[in-house]
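# Coordinate inspection notes
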Amino acid sequence: MELNDWVVLITALGGIEGVKQFLKWWLNRRNAARIDDAKADQEEFRALREYNEFCQTQLSEKEARFVEQTDRLRKVQDDLLNLKEENAQLRIELALKRCEKKKCGEREPPNGY
């Protein structure tokens, strides 16, 4: 290529300013790529942070429901235990008052059953 061809090529690319822009782009292409990567990472981290906050909220709600259900279960178990104790007391009382023979007149102690 001759000098004339170079002048025509540079003029076609926008003259000296076009060459300056090209050189600027060429020298900063790595920095631009690094900046683009950083922006992509930032967006990804933002999305992950939002997802993490969502999961934390869901976990907190589930823990609250678990505590509520555990309290209800313990109350029901306490009621059941009290009923079992009462049933055992009534069975003992009935065993002391009931005669094995039906309409037995010799019942000790006599209670009218």
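Residues numbered from 1 in each chain as written. Predicted model: local features only at pLDDT ≥ 70, side-chain atom pairs only at ≥ 80, totals over all residues. Heavy atoms only, no water.

### Regarding the overall build of the chain
For the record, the criterion: Numbering of helices and strands runs from the N terminus; a helix is a DSSP stretch of H or I covering at least four residues, while a strand is a stretch of E covering at least two. Three exposure classes are used, based on accessible area relative to the maximum for each residue type with a 1.4 Å probe and protein chains only: buried under 20%, partly exposed in between, and exposed over 50%. To measure how exposed things are, a 1.4 Å probe is used in the Shrake-Rupley method; for residues, cover is taken only from the protein chains shown.
Across its full length, the chain holds two helices and zero strands. For the chain, buried positions account for 4% of its 113 residues. Counting every atom, the chain has about 11100 Å² of accessible surface; 58% of that belongs to carbon and sulfur.

### A closer look at a nonpolar patch on the surface
As a reminder, the rule being used: Patch rule: a residue counts if its relative accessible area is over 30% and it has no salt bridge; like charges are joined within 9 Å, and nonpolar side chains (Val, Leu, Ile, Met, Phe, Trp, Tyr) within 5 Å. For this analysis, a salt bridge means a side-chain nitrogen from Lys or Arg found within 4 Å of a carboxyl oxygen belonging to Asp or Glu.
Together, Phe22, Leu23, Trp25, Trp26 and Leu27 make up an exposed nonpolar region whose accessible area comes to about 600 Å². Mapped onto the fold, leucine 23 is located in helix H2 (residues 15–97).

### Brief notes about the pattern of salt bridges
As enumerated under the stated definition, the model contains three salt bridges in all. In this structure, glutamate 43 and arginine 46 form a salt bridge, with 2.9 Å as the shortest nitrogen-oxygen distance. Here the residue glutamate 43 and the residue arginine 46 both occupy positions in helix H2, the gap between them amounting to three residues, near one helical turn. Between glutamate 50 and arginine 46 there is a salt bridge; the shortest N-O distance is 2.8 Å. Taken together, the residues span about one helical turn, with glutamate 50 and arginine 46 both in helix H2 at a distance of four residues. Overall, glutamate 50 belongs to the partly exposed group, its relative accessible area being 44%. Each of Glu43, Arg46 and Glu50 takes part in a single network of salt bridges with overlapping partners.

### Considering the environment of arginine 34
To be explicit about the condition: Distance and chemistry together define a polar contact, namely a pair of N or O atoms within 3.5 Å, with one atom able to donate a hydrogen and the other to accept it when in protein, and with adjacent residues in sequence counting only for side-chain atoms on both sides.
Residue placement: arginine 34 occurs in helix H2. Within the structure, the side chain of arginine 34 is placed 3.2 Å from the side chain of asparagine 31, a separation counted as a polar contact.

Honestly, that's just the spatial picture; any functional story needs more than this.
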